[in-house]
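Inside the fold
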Amino acid sequence: TLGRNRLELFKPVIKGTVIKPLLLFSQKEIEFIHRHDAYAEEALETKSKIPSDQLMPNQQKSIKVTNQVKIPLNISIDVSAPFSVQPNKLELQPQESAEITIVFNAAYKQDFISETIIKKLTFSFAGHPQRLYVNLKGVYIFPNLSFSPSTTLNFGNLMLNTEQTKEVVIKSSSDAKVEWNWQLI
């Protein structure tokens, strides 16, 4: 100010470019398939209600991640069980690539029921709220059967020396080969 008057001496112009983190992935989805060996499980004779760890080996696959922006990126990578990732932190310079390894822990499964587990590999960036994802799929295939009707068969009260017939459909509910025997108790 000069006296009572205000004088503008300098009028700065401030410009900035906001760069949104961008990564290029060699794959957008990774699928792991565990086909359980029921014959090997029976041969172990453990009589356990959970699959044997020695028949549930870890599986791993790698993907390539490339920094697509003009600034270095500090990246944190997160995923939940039954998956894990190495490394879980990266620093990538512009156009630099790195390979990360995703591990599927098949022994996470605690029963013999076929299931598909879907999770996301999450990439977050230091100083930026943006998140990027790679889809992960873990498929457990066990030799399972489904019965129709699935409820108890009720023949009600029958007169002596009479018969009643009910149909039960037994179907393999997975891609695994199923051999089965049954008996009336």
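An account of the accompanying structure is given in this report. (Residues numbered from 1 in each chain as written. Predicted model: local features only at pLDDT ≥ 70, side-chain atom pairs only at ≥ 80, totals over all residues. Heavy atoms only, no water.)

Our next topic: the packing of aromatic side chains. By convention here, two paired aromatic rings are described through the distance between centres and the angle between planes. Tallying each qualifying case throughout the model produces seven aromatic pairs. Arranged with centres 4.9 Å apart and planes meeting at 45°, the rings of Phe 25 and Phe 123 form a pair that is tilted. Taken together, the positions of Phe 25 in strand S1 (residues 23-25) and Phe 123 in strand S8 (residues 115-125) put the pair 98 residues apart, joining distant regions of the chain. The burial state of Phe 25 is the same as that of Phe 123; both residues are buried. Ring plane angle 35° and centroid distance 5.4 Å describe the contact between Phe 83 and Phe 104, whose orientation is recorded as tilted. Of this pair, Phe 83 sits in strand S5 (residues 83-86) while Phe 104 sits in strand S7 (residues 97-104), and the two are 21 residues apart along the sequence. Taking relative accessible area as the criterion, Phe 83 reaches 5% and is therefore assigned buried. Among the aromatic residues, those joined into a cluster by ring pairs are Phe 32, Phe 83, Phe 104, Phe 112, Tyr 140 and Phe 142. Sitting over the ring of Phe 32, Lys 61 keeps its end group 5.3 Å from the ring centre. (Phe/Tyr/Trp six-rings, centres within 6.5 Å; stacked < 30°, edge-to-face > 60°. Helix = DSSP H or I, 4+ residues; strand = E, 2+ residues; numbered from the N terminus. Buried < 20%, exposed > 50% of the residue type's maximum accessible area, 1.4 Å probe, protein only. Lys NZ or Arg CZ within 6 Å of the ring centre and 35° of its normal.)

Across the sheet, which stays open at both edges, the four strands sit in the order S1-S3-S7-S5 with antiparallel pairing between neighbours. The sheet is open, and its two borders are formed by S1 and S5, each paired with just one other strand. On average, adjacent strands in this sheet sit at an angle of 30° to one another, irrespective of strand direction. Of the pairings in the sheet, the one linking S1 to strand S3 (residues 59-67) comprises three bridges and is antiparallel in character. If you follow Phe 25 over to S3, its bridge partner there is Val 65. (Pairing = 2+ DSSP bridges. Axes fitted to C-alpha atoms, helices over the stretch in contact; angles between N-to-C directions.)

On to the environment of Asp 53. Structurally, Asp 53 is set in the loop between helix H1 (38-44) and S3. Separated by 121 residues in sequence, Asp 53 and Ser 174 have C-alpha atoms that sit 21 Å apart.

Each regular strand carries side chains that alternate between the two faces of the sheet. Relative to strand S9 (residues 128-141), strand S2 (residues 29-35) runs parallel, the two sharing seven bridges. The partner of Glu 29 across the bridge, within S9, is Asn 135. Hairpin connection, S8 to S9: the antiparallel pair is bridged by two residues, and Gly 127 has positive phi, about 80°.

Moving on, we come to the pattern of salt bridges. The final tally for this structure, using the stated rule, is three salt bridges. Here Lys 137 and Glu 31 are joined by a salt bridge, their closest N and O atoms 3.6 Å apart. With Lys 137 in strand S9 and Glu 31 in strand S2, the pair connects residues that are 106 residues apart, well separated along the chain. Residues joined by salt bridges that share partners form a network here, namely Lys 109, Asp 111 and Glu 115. (Salt bridge = Lys/Arg side-chain N within 4 Å of Asp/Glu carboxyl O.)

Attention now moves to the sheet that holds S2. Strand order in this open sheet of five strands is S2-S9-S8-S4-S6, and the pairing throughout is mixed. Each edge of the open sheet carries a strand with a single partner, namely S2 and strand S6 (89-92). Pairs of neighbouring strands in the sheet enclose a mean axial angle of 25°, with direction left out of account.

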